[in-house]
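Analysis of the macromolecular model
So the chains spell out like this:
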Amino acid sequence: LWHERIALSGQHWRPEWGPISALHTTRFAGRVAGVAQELLGTQPIAMSSHAGNLAASREVLRRLKEGGSVGIAADGSSGPARKLKDAALEWARAT
């Protein structure tokens, strides 16, 4: 998903597909987005934009192994818009 589309992913996700999660940064705007995602039916996963993403990667893989799905803003938290970041591609390959 591109950044501008991830917020409403929970609204378009059918319950029979299982739970859906989405990543958000720990910066203020990301925390606000995480609360909004949760209110719209998506389970948020916090990911630090400064630290290594090992913890977030583990959480993503854990939720996938449990049968859930994870929406990732493929262009990352800091853009540029619609330019694929490595982490999204690595997680897709791992699943």
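Residues numbered from 1 in each chain as written. Predicted model: local features only at pLDDT ≥ 70, side-chain atom pairs only at ≥ 80, totals over all residues. Heavy atoms only, no water.

Some remarks on the packing of aromatic side chains
Across all of its chains, the model carries 1 aromatic pair by this definition. The interplanar angle of 75° and the centroid separation of 4.9 Å between the aromatic rings of Trp13 and Trp17 together place this pair among those described as edge-to-face. A residue is classified by how much of its surface remains accessible, and Trp17, at 41% relative accessible area, is partly exposed. (Phe/Tyr/Trp six-rings, centres within 6.5 Å; stacked < 30°, edge-to-face > 60°. Buried < 20%, exposed > 50% of the residue type's maximum accessible area, 1.4 Å probe, protein only.)

Side note on the side chain of Thr42
By the element assignment, Thr42 lies in the loop between helix H3 (28-39) and strand S2 (43-47). Beyond its immediate stretch of four places on either side in the chain, Thr42 contacts Ser9, Gly10, Ile20, Ser21, Ala22 and Gln37. (Helix = DSSP H or I, 4+ residues; strand = E, 2+ residues; numbered from the N terminus. Contact = heavy atoms within 4.5 Å.)

Points about the nonpolar core
Residues Leu23, Ile45, Met47, Ala56, Val60, Val70, Ile72, Ala74, Ala88 and Trp91 constitute the largest nonpolar core, which totals 10 residues. Of all the elements in the fold, those that place two or more residues in this core are S2, helix H4 (54-65) and helix H5 (86-94). (Core = buried A, V, L, I, M, F, W, Y, C linked by side-chain atoms within 4.5 Å.)

Looking at the sheet that holds S2
Strand order across the open sheet formed by 3 strands is S2-S1-S3, with parallel pairing between neighbours. Where the open sheet ends on each side, the last strands, each with one partner, are S2 and strand S3 (69-71). Taking each pair of neighbouring strands and ignoring which way they run, the sheet shows an average axis angle of 35°. Bridge count for strand S1 (residues 20-25) against S2 is 5 bridges, and the pairing is parallel. Each bridged residue has a counterpart across the sheet, and for Thr25 the counterpart in S2 is Met47. In this fold H4 packs onto S1, S2 and S3, with an angle of close to 155° to the strand it touches most, S2. (Pairing = 2+ DSSP bridges. Axes fitted to C-alpha atoms, helices over the stretch in contact; angles between N-to-C directions.)

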